[in-house]
Amino acid sequence: MLSHDRVWAAIDALAERYSLSASGLARRAGLDSTAFNKSKRLSSDGRPRWPSTESLAKIIEATGASLDEFTGLIEGRAGSVQAASVASRRSVPLLGFAQAGAGGFFDDAGFPAGQGWDLVEVPAQSTESSYALQVQGDSMLPLYRNGDVLIVEPGAVTRKGDRVVVKTTAGEVMAKVLERQTVKSIALVSLNPDHPDRDIPMRDVEWVARIVWASQ
């Protein structure tokens, strides 16, 4: 049975499972960092305040957890949740952004080419085509920091608001928020306000891959 305490405890447990604080989980999901603070769980008159279904959907997507995993945390099904978490772990190729920008590391569809990559294990719902990019520098602050690992899915459908990695034919690799994509151009919003938004002709885009998970 759902209860206010169990739902909030499940949010805390999900954050802990992915080595995050409640604030870190909120930031990863694109929410205000105080959204899951203890003080936000009761209204000013002491009545229970429930998290929105939208915020729950966002944290499930941001961590790569399954709905069953989160439901298990609410219901206290520790055994089934642990099994789901282990099953979701997968080793994927790991590259730096500098490698991603260099020639010869990817095929035309944006998949890593060749063998011998370093591997990283991620607690996410990745697929055989997923791979990892390690953030280098501060151009993606405040959302992604130097050393964070982004799991990208080259074949995933992208929609407005998705976080994506884009490689241009000139070898530039960037992580942005997708604003619009047409047959002629792609409009990207910068994660860092100190860096400009971009509108790139599709003829200059080599590939686009959706970010499906990120470490923090």
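Quick notes on the rules
Residues numbered from 1 in each chain as written. Predicted model: local features only at pLDDT ≥ 70, side-chain atom pairs only at ≥ 80, totals over all residues. Heavy atoms only, no water. Helix = DSSP H or I, 4+ residues; strand = E, 2+ residues; numbered from the N terminus. Buried < 20%, exposed > 50% of the residue type's maximum accessible area, 1.4 Å probe, protein only. Contact = heavy atoms within 4.5 Å. Areas by Shrake-Rupley, 256 points an atom, 1.4 Å probe, with all protein chains shown as cover. Expected span 1.5 Å × (residues − 1). Arc of directions from axis to C-beta. pLDDT = per-residue confidence, 0-100. Salt bridge = Lys/Arg side-chain N within 4 Å of Asp/Glu carboxyl O. Core = buried A, V, L, I, M, F, W, Y, C linked by side-chain atoms within 4.5 Å. 1 Å grid on protein atoms, 1.4 Å probe; cavity = no way out; pocket = protein on both sides within 12 Å on 5 of 7 lines; lining within 4 Å. Points joined across faces, edges and corners; volume = space filled by probe spheres on them. Nonpolar A, V, L, I, M, F, W, Y, C, P; charged D, E, K, R; others polar. Polar contact = N/O pair within 3.5 Å; in protein donor to acceptor, adjacent residues only side chain to side chain.

With an unreviewed UniProt entry as reference, the chain is termed Helix-turn-helix transcriptional regulator, source organism Mesorhizobium newzealandense.

A closer look at the overall build of the chain
Scanning the chain from terminus to terminus reveals 6 helices and 9 strands. Here the chain, with 216 residues, has 44% of them falling under the buried criterion. Nonlocal contacts in the chain, meaning residues at least 24 apart in sequence, comprise 59% of its contacts between residues at least 6 apart. When the accessible surface of the chain is totalled, it reaches about 11,100 Å², and 51% of it is carbon and sulfur.

Quick word on helix H1 (residues 4-17)
With 14 residues, H1 should reach 20 Å at 1.5 Å per residue; the first-to-last C-alpha distance of 20 Å fits that figure. What H1 keeps buried is the set His4, Val7, Trp8, Ala10, Ile11, Leu14 and Ala15. Relative to the axis of H1, the buried residues are bounded by an arc of 150 degrees and lie together on one face. Exposed and oriented more than 90 degrees from the buried face of H1 are Asp5 and Glu16.

A look at the side chain of Arg210
For Arg210, the location among the structural elements is in strand E9 (residues 205-214). Setting aside residues no more than four positions away along its own chain, Arg210 makes contact with Glu61, Ile151, Val152, Glu153, Ala156, Val157, Thr158, Asp162, Arg163 and Val164.

As for the confidence of the model for the chain
Should pLDDT be low for a region, the predicted coordinates there are not to be read in detail. Counting all residues, the mean pLDDT for the chain is 79, and 77% of those residues have values of 70 or more. Predicted confidence in the chain is weakest over helix H5 (residues 78-88), with a mean pLDDT of 46, and strongest over strand E8 (residues 198-201), with 96. Below pLDDT 50 for its whole length, residues 78-87 participates in 7 contacts with residues either more than four positions away or in separate chains.

Considerations on the pattern of salt bridges
Following the criterion strictly, the structure yields 10 salt bridges and no others. Note that Arg41 is salt-bridged to Asp12, the shortest N-O span being 2.8 Å. One end of the pair, Arg41, is in the loop between helix H2 (22-28) and helix H3 (53-63); the other, Asp12, is in helix H1, and 29 residues separate them in sequence. For Arg41, a relative accessible area of 8% translates into the label buried. We classify Asp12 as partly exposed; its relative accessible area is 24%.

A few points about the nonpolar core
General note: in soluble globular proteins, nonpolar side chains tend to be found buried as a group. Ile11, Leu14, Leu25, Phe36, Ile59 and Phe70 are the most contacted members of the largest nonpolar core, which has 27 residues in total. Counting residues per element, this core draws most heavily on H1, which supplies 6 residues. Listed in part, the 17 residues of the second largest apolar core include Leu95, Met140, Ala175 and Leu191.

Quick notes on the layout of surface pockets
In this structure, the largest pocket occupies an estimated 390 Å³ of space. Taken together, 16 residues form the lining of the largest pocket, with Glu61, Gly161, Asp162, Arg163 and Ile211 sitting closest to its centre. Looking at the lining of the largest pocket, the elements that each hand over two or more residues are H3 and E9. Looking at the lining of the largest pocket element by element, the count peaks at 5 residues for E9. Across the lining of the largest pocket, the residue classes break down as 7 nonpolar, 1 polar and 8 charged. Taken as a whole, the second largest pocket encloses approximately 210 Å³ of empty space. Every residue lining the second largest pocket is counted, 15 residues in all, and those nearest its centre are Ser139, Glu172, Met174, Lys176 and His195. Broken down by element, the lining of the second largest pocket gets its largest block of residues, 4 residues, from strand E6 (residues 173-181).

Overview of the side chain of His4
Here His4 shows up in helix H1. A distance of 3.0 Å separates a polar atom in the side chain of His4 from the backbone oxygen of Arg41. Not counting the four nearest positions on each side in its chain, His4 is found in contact with Arg41, Leu42, Pro48, Arg49 and Trp50.

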